[in-house]
Amino acid sequence: MPRFHCPADLAPGAEIDLPPGAARHVQVLRLQPGDGITLFHGGQNAGDPGGEFDATVLKMGRSDVRVLVGAHHAIDREAPRAVHLLAGITANERMDWLVEKATELGVASITPLVAERSVLKLKGERADKKIAHWQAVAVAACEQCGRNRVPLVHPAIDLAGWLRTPGQGQGHGLTSPETQDTPQRLLLSLRPGTVSLREATGGEGAQRPVLFLSGPEGGLSPVEEDLALQHGFAPVTLGPRVLRAETAPLAALAALTL
């Protein structure tokens, strides 16, 4: 059954108009009155009931679609461990791919990192448009993969700026509501003295959240790595092979969430 993100208030028996993006998708699929769909709110607001709702198409207009919200199902497909990515912005469409696949793998949030070696530098209106685009990529990935919580894509920021953000010492607002633990900070690094990701997280328990920092093409600079280490990040390795900037955080996510 087609799934659509719908940030409107959802309750059994309510008749609502789908948001424009979902309405266009329903029309592209050529659904008709009486056809069933699934709606989910996304989990980013305190009032979200979570899970997903059955819904039935009532009316197809030229640009609007009205539906009847049906039964609620308390379905949670989230990973047992919350993993937050602080990921160096990669070039071209690679960042889109990273956001999409990270969402499918269960990432809890993504902070695009404007690193010293990032090819793509974002500021102002261009940055706002990119963040909105990546958030839409995450929504579409949730619709496809069955997640009912949309990971938040935070505004792009450099590492020093992120470390100055109020509350970052308590996890930058990333404290897990399930465990109230601050995330374990891990830094993907090629420098000597790293330990394996498995070794670094093996004694922490499956529920403690993780903040995973990785760089863009070429990795983080020595200055950035030193700064991360000074603020509690532990250096880890994913093995003897050098993975691409968009592959490495996904490999870590798979190891931590599947």
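Up top is the structure.
Residues numbered from 1 in each chain as written. Predicted model: local features only at pLDDT ≥ 70, side-chain atom pairs only at ≥ 80, totals over all residues. Heavy atoms only, no water.

**Quick notes on the overall build of the chain**
Each helix and strand in the chain was counted, giving seven helices and twelve strands. Taken over C-alpha atoms, the radius of gyration comes to 20 Å for the chain, in line with the 18 Å a tight globule of 258 residues would show. For the chain, the spread of C-alpha atoms along the three principal axes comes to 60 × 40 × 35 Å. When the accessible surface of the chain is split by element, carbon and sulfur atoms take 53% of a total near 12600 Å². Averaging the positions of the 25 positive and the 28 negative side-chain charges in the chain gives two centres separated by 5 Å. (Helix = DSSP H or I, 4+ residues; strand = E, 2+ residues; numbered from the N terminus. Rg over C-alpha atoms; globule rule 2.2 N^0.38 Å. Areas by Shrake-Rupley, 256 points an atom, 1.4 Å probe, with all protein chains shown as cover. Lys, Arg positive; Asp, Glu negative; His and termini not counted. Charge placed at Lys NZ, Arg CZ, Asp CG, Glu CD.)

**Brief notes about the packing of helix H2 (residues 94-104) against helix H7 (residues 248-257)**
Packed helix pairs are specified by the crossing angle of their axes together with the interaxial distance, meaning the distance between the axes. Between H2 and H7, whose axes approach to 10 Å, the crossing angle comes to 5°. Judged on the interaxial angle alone, H7 and H2 are roughly parallel. Residue-level inspection shows Trp97, Leu98, Lys101 and Ala102 of H2 in contact with H7, the latter providing Pro249, Leu250 and Leu253. Broken down by class, the residue content of the contact of H2 with H7 amounts to six nonpolar, no polar and one charged. (Axes fitted to C-alpha atoms, helices over the stretch in contact; angles between N-to-C directions. Parallel < 35°, antiparallel > 145°, perpendicular 65-115°, else oblique. Contact = heavy atoms within 4.5 Å. Nonpolar A, V, L, I, M, F, W, Y, C, P; charged D, E, K, R; others polar.)

**Details of the environment of Ala22**
Mapped onto the secondary structure, Ala22 falls in helix H1 (residues 20-28). For Ala22, a relative accessible area of 6% puts it in the buried group. Between the alpha carbons of Ala22 and Arg3 there is a distance of 9.1 Å; along the sequence they are 19 residues apart. In this structure, Ala22 is in contact with Phe4 and His5, ignoring residues within four places of it in sequence. (Buried < 20%, exposed > 50% of the residue type's maximum accessible area, 1.4 Å probe, protein only.)

**Examining the nonpolar core**
Grouped together as the largest cluster of nonpolar side chains are 33 residues, with contacts concentrated most on Ala102, Trp134, Leu186, Leu197, Phe212 and Leu253. Among the secondary structure elements, those contributing two or more residues to this core are strand S6 (83-88), H2, helix H3 (124-145), helix H5 (197-201), strand S11 (210-214) and H7. Here the element with the most residues in this core is H3; it accounts for seven residues. Setting aside its immediate chain neighbours within four residues, Ala102 contacts Leu85, Val107, Ile110, Arg147, Leu250 and Leu253. (Core = buried A, V, L, I, M, F, W, Y, C linked by side-chain atoms within 4.5 Å.)

**Observations regarding H7**
Judged by how many residues are buried, H7 sits mostly within the fold: seven of ten residues are covered. Along H7, the residues classified as buried are Ala248, Pro249, Leu250, Ala252, Leu253, Leu256 and Thr257.

**Overview of the sheet that holds strand S1 (residues 3-5)**
Sheet architecture is open: five strands sit in the order S1-S3-S4-S5-S2, paired in mixed fashion. Since the sheet does not close on itself, it has two edges, and those belong to S1 and strand S2 (15-17), each with one partner. Adjacent strand axes in the sheet meet at a mean angle of 40° when their direction is disregarded. Running over the sheet, H1 touches S1, strand S4 (52-60) and strand S5 (65-73) and is turned about 160° from S1. Along the sheet, H3 makes contact with S1 and strand S3 (36-40), crossing S1 at roughly 150°. (Pairing = 2+ DSSP bridges.)

**A short note on unusual backbone geometry**
Positive phi, close to 60°, is recorded for Arg30, a residue that is not glycine. Here Arg30 lies in the loop between H1 and S3.

**Quick word on the sheet that holds strand S12 (residues 234-237)**
The seven strands are arranged S8-S7-S6-S11-S9-S12-S10 in an open sheet whose pairing can be described as parallel. The two strands at the open ends of the sheet, each matched to only one other strand, are strand S8 (152-153) and strand S10 (195-196). Where S6 meets S11, five bridges bridge the pair, whose relative direction is parallel. Opposite Leu86, over in S11, you have Leu213 as the bridge partner. Set on the sheet, H2 makes contact with S6 and strand S7 (109-113); between it and S6 the angle comes to about 175°. Here H7 sits on the sheet and contacts S6, strand S9 (184-188) and S11; the angle it forms with S6, its principal contact strand, is near 170°.

Everything listed here is a matter of geometry and, on its own, says nothing about what the molecule does.
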